[in-house]
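# A structural walkthrough
These are the residues of each chain, in order.
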Amino acid sequence: MSDFSLTLVLRFKTSKIINDMAKVSIKSEKITPFGGIYYVRELFSRYIGPVIDEVLGLRCTSYGYQYSEIVGSLSSVYFCGGDCVEDVTSHLMPHLSLHPTLRTCSSDTILRGISELATANTTYTSDTGKSYDFNTATKLNSLLVKVLKNTGQLVAGESYDLDFDHQFIETEKYDAKMTYKKFTGYSPGVAVIGDLIVGIENHDGNANVRFHQQDTLERIFSNLEQNIIHVRRARMDCGSCSREIVETVEKHSEHFYIRANRCGSLYDSLLVLRGWKREVINGIEYELNSIITEKWEGMAYRLVIQRERRMGGEQDLWEGEYTYRCILTNDYTSTNRGIVEFYNLRGGKERIFDDLNNGFGWARLPKSFMAENTVFLLLTAIIRNFYKFLMDRLDAKAFGLRKCSRIKAFVFKFTSVPAKWIRTARHYELNIYTHNYSYQNPFALADG
C-alpha cells in the first residue's frame, strides 16, 4: 500500500512541476555570453600585439595570422574560462569571430605557431658524464621584458627586487624526466619581479637545480640589463647557495639574500654563539643573531641566523633543542629582523606558480617536447603579466573584484556578460545587456 501511495505522490508532483515551468522562446540573434572578452582582446592588440610582431617579426606578408593574433587567440582561452588550447576551436570560435575587426585563429594554428617559435635545446654534460637539456628561448625572454616595458609595468632605469626559483611541472610528455619529487616532468627556472614574470628557462626534470644555474641567471640578468632594468636586491633559496651562483648574483645586483645550506662546520659556530636577541615575527618567537663567515675560500659574507625552539622539548642530534635557519647576504647595514622579514616575503611568490598552473595552462602543456612547451610557458607568462596590467587599469571594485583576484573570478565577474554586435551609422557598436554601468568605462578606454 505504501509503495502505491508513493508512486501516486511522485506523479502528482511531477505533473505540477511540468505545468508550472516557464515558457521558452528561441531567438536566432547572435548574442554572446562572453561580452567582456572584446575589451580584453582590444587592449591586448593595442599594448601587446605591436611588440610581439616587432620582436618576433611578421609571420606572413599576405594571407595568414601574425604571431600577435596567435598569442591573442591563446589568451582568449584563459580569459573565457578555458583550460586547454583546443577550447578555442571547440567552444569559443563562434563567439570570438563575432568581433568585426579582430581575428581569432584555430587551435591548430596556435599549435603550429608554437612549434615555429621553438628553438633547439642546449645540452650540458656533468662531471659524471650525464647529459641534461636546457632550453633558453632567448628571443621570447627578450619579448617578455619588452612587453612589460611597453605596458609601463617595468620602467627603464628603475631598480627592482628579483626572486628566482624552480617550479616542478608534472607531465608525461615524451622527453619528460623523473624528478626528485617522484614524478616525471620539467623544472623551469623562473625569475620574478614583484608579481611579474621576467624570465623563464626550462630544463630536464632530473637535473640538479644548481647545475649550470649561474648560466641561467647570467642570461636573465643580462636580458634585464639590456633593457635598462636594474636589480637592487635578489632573493633565492638554498638551491642557489654555491660559489659560482653567488658570484654571478653579486655581480648583477646590489644585495643578495640566499638561504644558506647546512654544513658541519657551520653548526660548530652556531652552537657556541652568544648574544641572541629575541624577536616575534608573524606571531612566532625567534632568536636572531649574525656573524661574518667565510663560506668559501676568499669569500666572506654576513650570515643572519634565525633559530626557533623545538616543540615538545624534542632535540635533534645536530641542532639540539633549536631549529636553525640561515640567510647569506652581502647586506651589512640592515638589521637582523629586517633581513629575515624581507626574505620571508619570498614565500608569497609561490602563489604565482599556483596561479600559472591552475589559471594559465601550465598544468596542461600542449606539446610533446620540451622546446615547444617552453614556448608555451613563455607565451602564457606574457598573458598572465598582461592580466596584471589589465587589473591595474580596471575599476576592480565596480565588478566585485580585487586587484589580486584570480582569473577564474575575472571570467565570472567581467568576461561573462551577454553582448551583441550591431552595425549602425556605418560603424559597429557593442550592446551589453547588464545593470552594471561600469562596463562603459573600460570600453571607453579601449576606444580611445
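Structure report, in brief. Along each chain, the written sequence defines residue order, and numbers are assigned to residues from 1. The predicted nature of this model means local features are confined to residues of pLDDT at least 70 and side-chain atom pairs, given and counted, to a pLDDT of 80 or more, with totals for whole chains, interfaces and linings taken over all residues. Calculation of side-chain values draws on the structure's entire complement of heavy atoms; hydrogens and water are dropped beforehand.

## Some words on the overall build of the protein chain
Rule in force here: By the criteria applied, helices consist of DSSP H or I runs no shorter than four residues and strands consist of E runs no shorter than two, each listed in order from the N terminus. In what follows, a contact means two residues having at least one pair of non-hydrogen atoms within 4.5 Å. In this description, accessible areas are obtained by the Shrake-Rupley approach with a 1.4 Å probe, and a residue is regarded as covered only by the protein chains that are shown.
A count of helices and strands for the protein chain gives 15 helices and 16 strands. Counting only C-alpha atoms and orienting by the principal axes, one finds that the protein chain spans roughly 85 × 75 × 45 Å. Put simply, 63% of the contacts in the protein chain that link residues at least 6 apart link residues at least 24 apart. As presented, the protein chain carries roughly 22700 Å² of accessible surface, and 51% of it is formed by carbon and sulfur atoms.

## Brief notes about the pattern of salt bridges
Which entries qualify depends on this criterion: For salt bridges, the criterion is a side-chain nitrogen of Lys or Arg within 4 Å of an Asp or Glu carboxyl oxygen.
Tallying each qualifying case throughout the model produces 23 salt bridges. Across the pair lysine 177 and aspartate 204 runs a salt bridge whose closest N-O atoms are separated by 4.0 Å. With lysine 177 in strand 5 (residues 177-178) and aspartate 204 in the loop between strand 8 (196-203) and helix 8 (213-226), this residue pair connects regions lying 27 residues apart in the sequence. Across the salt bridge formed by glutamate 287 and arginine 278, the nearest N and O atoms sit 4.0 Å from each other. Through salt bridges that share partners, Asp195, Asp355, Arg384 and Lys388 make up one connected network.

## So, the packing of aromatic side chains
Just so we agree on the cut-off: Two rings from Phe, Tyr or Trp (for Trp, the six-membered ring) form a pair when their centres sit within 6.5 Å of each other. Planes less than 30 degrees apart are called stacked, planes more than 60 degrees apart edge-to-face, and all others tilted. For each residue, the accessible area found with a 1.4 Å probe, counting protein chains only, is set against the maximum for its type, and the residue is called buried under 20%, exposed over 50%, and partly exposed in between. The rule for a charge over a ring is simple: NZ of Lys or CZ of Arg within 6 Å of the ring centre, and within 35 degrees of the ring normal.
For the structure on display, the rule yields 24 aromatic pairs. Taking 5.4 Å as the distance between ring centres and 75° as the angle between the ring planes, the aromatic pair formed by tyrosine 38 and tryptophan 421 counts as edge-to-face. One end of the pair, tyrosine 38, is in helix 2 (residues 37-47); the other, tryptophan 421, is in strand 15 (residues 419-424), and 383 residues separate them in sequence. Their ring planes at 75° and their centres at 5.0 Å tell us that phenylalanine 399 and phenylalanine 414 sit as a pair that is edge-to-face. Residue phenylalanine 399 is found in the loop between helix 13 (370-393) and helix 14 (407-415), and its partner phenylalanine 414 is found in helix 14; the two are separated by 15 residues along the sequence. Using a relative accessible area of 5% as the deciding quantity, one classes phenylalanine 399 as buried. We note arginine 235 situated over the ring of phenylalanine 342; from NZ or CZ to the ring centre the distance is 4.3 Å. Between arginine 423 and the ring centre of tyrosine 428, over which it is positioned, the NZ or CZ distance is 5.1 Å.

## What to know about the nonpolar core
Selection rule: For the purposes of this section, nonpolar cores are sets of buried Ala, Val, Leu, Ile, Met, Phe, Trp, Tyr and Cys residues that join through side-chain atoms within 4.5 Å.
Phe79, Leu143, Phe386, Leu390 and Phe410 are the most contacted members of the largest nonpolar core, which totals 74 residues. Element by element, the count of residues in this core is highest for helix 13, at 14 residues. Listed in part, the 39 residues of the second largest apolar core include Ile220, Val231, Ala260 and Met299.

## Focus: the sheet that holds strand 6 (residues 184-186)
As a reminder, the rule being used: We treat two strands as partners when DSSP finds at least two bridges between them.
The strand order across the open sheet formed by three strands is 4-6-5, and the pairing between neighbours is antiparallel. A single partner strand is all that each edge strand has here, and the edge strands are strand 4 (169-170) and strand 5. By the bridge criterion, two bridges tie strand 5 to strand 6 in an arrangement that is antiparallel. Looking at the pairing, lysine 177 lines up with glycine 185 of strand 6.

## Concerning the sheet that holds strand 1 (residues 122-125)
Applied cut-off: A fitted line through C-alpha atoms serves as each axis, taken over the contacting stretch for helices, and the angle formed by two N-to-C directions is quoted from 0 to 180°.
Ordered in space as 1-2-8-7-3-9-10-14-13-12-11, the 11 strands form an open sheet in which the pairing is mixed. This sheet does not close on itself; its edge strands, each paired only once, are strand 1 and strand 11 (277-281). With strand direction ignored, the average angle separating the axes of adjacent strands in the sheet is 25°. Here helix 9 (residues 243-252) sits on the sheet in contact with strand 9 (230-236), strand 10 (253-259), strand 12 (284-296) and strand 13 (299-309), set at roughly 150° to strand 10.

## Side note on the environment of valine 249
Assignment of secondary structure puts valine 249 in helix 9. Separated by 124 residues in sequence, valine 249 and asparagine 373 place their C-alpha atoms 27 Å apart. Ignoring anything within four residues of it in the chain, the contact list for valine 249 reads Leu217, Phe221, Ala234, Met236 and Phe256.

## Points about the side chain of asparagine 373
Formally: Polar contacts here mean pairs of N or O atoms no more than 3.5 Å apart (in protein, one a potential hydrogen donor and the other a potential acceptor; neighbouring residues in sequence count only if both atoms are side-chain atoms).
With respect to the element layout, asparagine 373 can be found in helix 13. Relative accessible area serves as the criterion here: at 0%, asparagine 373 is assigned to the buried category. A distance of 3.1 Å separates a polar side-chain atom of asparagine 373 from the backbone nitrogen of lysine 367. For asparagine 373, the residues in contact, after removing those within four places along its chain, are Lys173, Tyr186, Leu365, Pro366, Lys367 and Ser368.

## Quick notes on the packing of helix 6 (residues 107-117) against helix 13
Helix-helix packing is described using two parameters, namely the angle between the two axes and the distance between the axes. The following threshold applies: Oblique is the label for any angle not under 35 degrees, not over 145, and not in the 65 to 115 range, which are roughly parallel, roughly antiparallel and roughly perpendicular in turn. Classification used: nonpolar for Ala, Val, Leu, Ile, Met, Phe, Trp, Tyr, Cys and Pro, charged for Asp, Glu, Lys and Arg, polar for all others including Gly.
Across the interface, helix 6 lies against helix 13 with an axial gap of 8 Å and an inter-helix angle of 110°. With respect to helix 13, the axis of helix 6 lies roughly perpendicular. Counting all contacts with helix 6, which are made through Ile114, Ser115 and Leu117, the residues of helix 13 involved are Glu372, Val375, Phe376 and Leu379. Split into classes, the residues belonging to the contact of helix 6 with helix 13 amount to five nonpolar, one polar and one charged.

## Considering helix 14
Stated precisely, the cut-off is as follows: Here, the arc refers to the directions that run from the helix axis to the C-beta atoms.
Buried residues of helix 14: Ile407, Phe410, Val411, Phe414 and Thr415, and no others. Angularly, the buried residues of helix 14 cover 110° about the axis, an arc narrow enough to put them on a single face. In helix 14, those exposed residues whose orientation departs by more than 90 degrees from the buried face are Lys408 and Phe412.

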